[in-house]
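Given next are the chains, with one letter for each unit.
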Amino acid sequence: MLKIYVGYDSREDIAWEVCRYSLLRHAVGEVSISPLKQPPLRELGLYRRPADKTASTEFSLTRFLTPFLADTDGWSMFVDCDFLFTGDITAQIASLDPSKAVYVVQHEYTPQQTVKMDGKTQTHYPRKNWSSMMLFNGRHPDVQALRPDVVNTAEPAHLHRFNWIRNAADIGALDLDWNFLVGEYEVPDKVPTAIHYTNGGPWFPNWIDVDYGQLWTEERDRMLAEHDAQAA
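Residues numbered from 1 in each chain as written. Predicted model: local features only at pLDDT ≥ 70, side-chain atom pairs only at ≥ 80, totals over all residues. Heavy atoms only, no water.

Draft legend 1. Main features of the packing of helix α1 (residues 13–26) against helix α8 (residues 213–231). Where α1 contacts α8, the two axes come as close as 10 Å, and the packing angle between them is 85 degrees. The orientation of α1 relative to α8 falls into the category roughly perpendicular. Two secondary-structure elements touch here, α1 through Ile-14, Ala-15, Glu-17, Val-18, Tyr-21, Ser-22 and Arg-25 and α8 through Trp-216, Glu-219, Arg-220, Arg-222, Met-223 and Glu-226. Considered class by class, the residues forming the contact of α1 with α8 number 6 nonpolar, 1 polar and 6 charged. (Axes fitted to C-alpha atoms, helices over the stretch in contact; angles between N-to-C directions. Helix = DSSP H or I, 4+ residues; strand = E, 2+ residues; numbered from the N terminus. Parallel < 35°, antiparallel > 145°, perpendicular 65-115°, else oblique. Contact = heavy atoms within 4.5 Å. Nonpolar A, V, L, I, M, F, W, Y, C, P; charged D, E, K, R; others polar.)

Draft legend 2. Here's a closer look at the pattern of salt bridges. Under the counting rule described, the total for this entry stands at 7 salt bridges. Asp-177 is the partner of Lys-190 in a salt bridge, and the nearest nitrogen-oxygen pair spans 3.9 Å. Remark: Asp-177 occurs in the loop between β9 (171–173) and β10 (180–181) and Lys-190 occurs in the loop between β10 and β11 (194–196); sequence separation between them is 13 residues. A relative accessible area of 55% means that Lys-190 is categorised as exposed. (Salt bridge = Lys/Arg side-chain N within 4 Å of Asp/Glu carboxyl O. Buried < 20%, exposed > 50% of the residue type's maximum accessible area, 1.4 Å probe, protein only.)

Draft legend 3. Here's a closer look at the layout of surface pockets. A volume near 190 Å³ is recorded for the second largest pocket. In this structure, the second largest pocket is lined by Pro-67, Phe-68, Ala-70, Asp-71, Thr-72, Asp-73, Ser-76, Gly-138, Val-143, Gln-144, Leu-146 and Arg-147. Elements with a minimum of two residues in the lining of the second largest pocket: α3 (66–70) and α5 (141–144). The element contributing the most residues to the lining of the second largest pocket is α3, with 3 residues. Here the lining of the second largest pocket is built from residues that sort into 5 nonpolar, 4 polar and 3 charged. (1 Å grid on protein atoms, 1.4 Å probe; cavity = no way out; pocket = protein on both sides within 12 Å on 5 of 7 lines; lining within 4 Å. Points joined across faces, edges and corners; volume = space filled by probe spheres on them.)

Structure, rendered in C-alpha cells:
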C-alpha cells in the first residue's frame, strides 16, 4: 500500500478534499491518504519550529516528516494540496529505481508571478517546487536519516534544496507530467496526470480562470455530488 500525505492548509480545506478525491478515484493499487496537519504534529512533539508568518503554507516544512510518519521500507509520497490528479499514481511506483532516495519533477524555471494564492509573495530559489511532490524511498539511508530532529533544526533551504541527500545522483527525475505547474508552462496537447495550481487554484477568487480550472471545478462537483448521494 502506498502511503500518501497531502499538505493541509486551513485556508484550503476544499483543495485538500479534491486532491484526495482525485487520487482515490484514479488509484488502481491500494493507497492510504492522510492530511498533513500542523497542529496534531505539534501536539505529538514531532514539529516544534516557531510559527513562520512568511511561509506560504502551513505545511512548508512539515512535508519532510512524511517518511518518518509513513514508517515503511517501501515508497511513500508527499504532495501539496493544490494538485489535481487525472491518472493513477500507483502505476508509477513499479518504474522507480530502488537505488534512488527520492523522486521529484526537477523543475528549472523562473516564476512568472510575483504574488500567488491569496496575496502571498512569490519567491525564487534553486530547485523551487521540487518538494511540492516527492516520492520517498524508505530503504535509502538518507531518507531514513530524515527524522524529526533534522526537520526541526535544519535551515529551510537545506530541506527544500535536498541538501540532506548526500549524492545528487540519488535524486530521481519524474516526467513533467507528474507535476505540471499551471501558469508556468505552456499548456500541452495532453492533459497532465498531476496538475499543480502552484500560483493559485479556482478555490481562490483571484484564480478562477486558471488553466485547467474547469477540470478542478468538475472534480469538486463530482465529489460533492457523491457525498450528497451517500448521505441521502
